[in-house]
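# Chain and residue survey
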Amino acid sequence: MAAMSSVNDKVVFITGGARGVGADVARRLRRKGAKLVLTDIDAAPLADLAAELGDSHVLTAVADVRDLAAMQAVADQAVARFGGIDVVVANAGIATYGSVLQVDPEAFTRLMDINVKGVFHTVRATLPSVIERRGYVLIVSSLAAYSAAPGLAPYHAAKAAVEHFANALRIEVAHRGVAVGSAHMSWIDTPMVQDAKKDLSSFAQMLASLPNPLGKTTSVDRCGEAFVKGIEQRSRRVNVPGWVGVFRWLRPLLSTPLGEKQVTAVVPTILPKMDAEVAALGRSTSSRLEELES
């Protein structure tokens, strides 16, 4: 292990830690000597990851970010086990399918509860210890906070919300020695994106219709590497790939008629197809998430 790493012996609390980016970040941090607290609602892959990492420096808990008491219980366990929490990565999140007219209203509410309230619950439960240790909080937002796409309004709304939550939190805790960052990724090859591509041929069409490079997919490996670098540097923003940062500055232009022109042109073709596929599926989220929820 890298004894000289800035995360060596630090306690890192990660939600959505069982799969995808959360799991990749966990593996990387453990190799650098960090102690880990990993939460997820998906018990099987969380147990597999715990067995893989397999030592006394990893605490895992099946916990739902929608439940503040559950997140507080995990935070308390982390403090009891490791003495405190240095870094929080609020990573848990889901996506929905379908236009505002088609998306299941219950799926919309679930997304907001996980992607927005879940971030608040994660931070609320862990922040006292992070303040005590003058630590770092990374809120996982998205390129979706900068640029909109059809059929994903709930996801875009949530990611814009947590970006601004991070901005406000940063101002609140700066004088207490805590740094806060937001992460903004393009499409990452995670189970969430894989499930959407599997469920909806229109999703791949929608990605292809976006102006370059907005529709391109990036590897989990590249994303995990950038997250860890951001954690080590206590970055204000982590952009994956790096070009995503340009779109933060282009955001005012992207919501003008000129900025929306290319995507708007394909909506009459792609959005009805997406809504028809969502209706045929009988669900507005992945089958994996529906199974977990049931």
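Residues numbered from 1 in each chain as written. Predicted model: local features only at pLDDT ≥ 70, side-chain atom pairs only at ≥ 80, totals over all residues. Heavy atoms only, no water.

The protein is annotated in an unreviewed UniProt entry as Short-chain dehydrogenase from Mycolicibacterium anyangense. Looking at the Sequence similarities (unreviewed entry) heading of the UniProt record, one finds this comment for the protein: "Belongs to the short-chain dehydrogenases/reductases (SDR) family." (UniProt positions renumbered as here; feature names shortened; annotations may be inferred.)

It is worth spelling out helix α8 (residues 220-233) at this point. Structurally, the α-helix is built with 3.6 residues per turn, so residues lying three or four positions apart point the same way. Compared with the 20 Å implied by 1.5 Å per residue over 14 residues, the 20 Å span of α8 between its first and last C-alpha is a close match. Turning to α8, its buried residues number three or more, namely V220, C223, G224, F227, V228, G230 and I231. For α8, the angular spread of buried residues about the axis comes to 160°, placing them on one side. Positive backbone phi, approximately 50°, marks R234, located one or two places after α8. (Helix = DSSP H or I, 4+ residues; strand = E, 2+ residues; numbered from the N terminus. Expected span 1.5 Å × (residues − 1). Buried < 20%, exposed > 50% of the residue type's maximum accessible area, 1.4 Å probe, protein only. Arc of directions from axis to C-beta.)

Further remarks concern the packing of helix α1 (residues 20-31) against helix α2 (residues 43-53). Between two packed helices, the angle of one axis relative to the other and the distance separating the axes together describe the packing. Direction vectors running N to C along α1 and α2 enclose 15°, while the axes themselves pass 11 Å from each other. With respect to each other, α1 and α2 are oriented roughly parallel. For the pair α1 and α2, the sense of crossing is right-handed. Along its contact with α1, which presents A23, A26, R27 and R30, the element α2 presents L49, E52 and L53. Residues that form the contact of α1 with α2 fall into these classes: four nonpolar, no polar and three charged. (Axes fitted to C-alpha atoms, helices over the stretch in contact; angles between N-to-C directions. Parallel < 35°, antiparallel > 145°, perpendicular 65-115°, else oblique. Left-handed = near helix turned anticlockwise from the far one by under 90°. Contact = heavy atoms within 4.5 Å. Nonpolar A, V, L, I, M, F, W, Y, C, P; charged D, E, K, R; others polar.)

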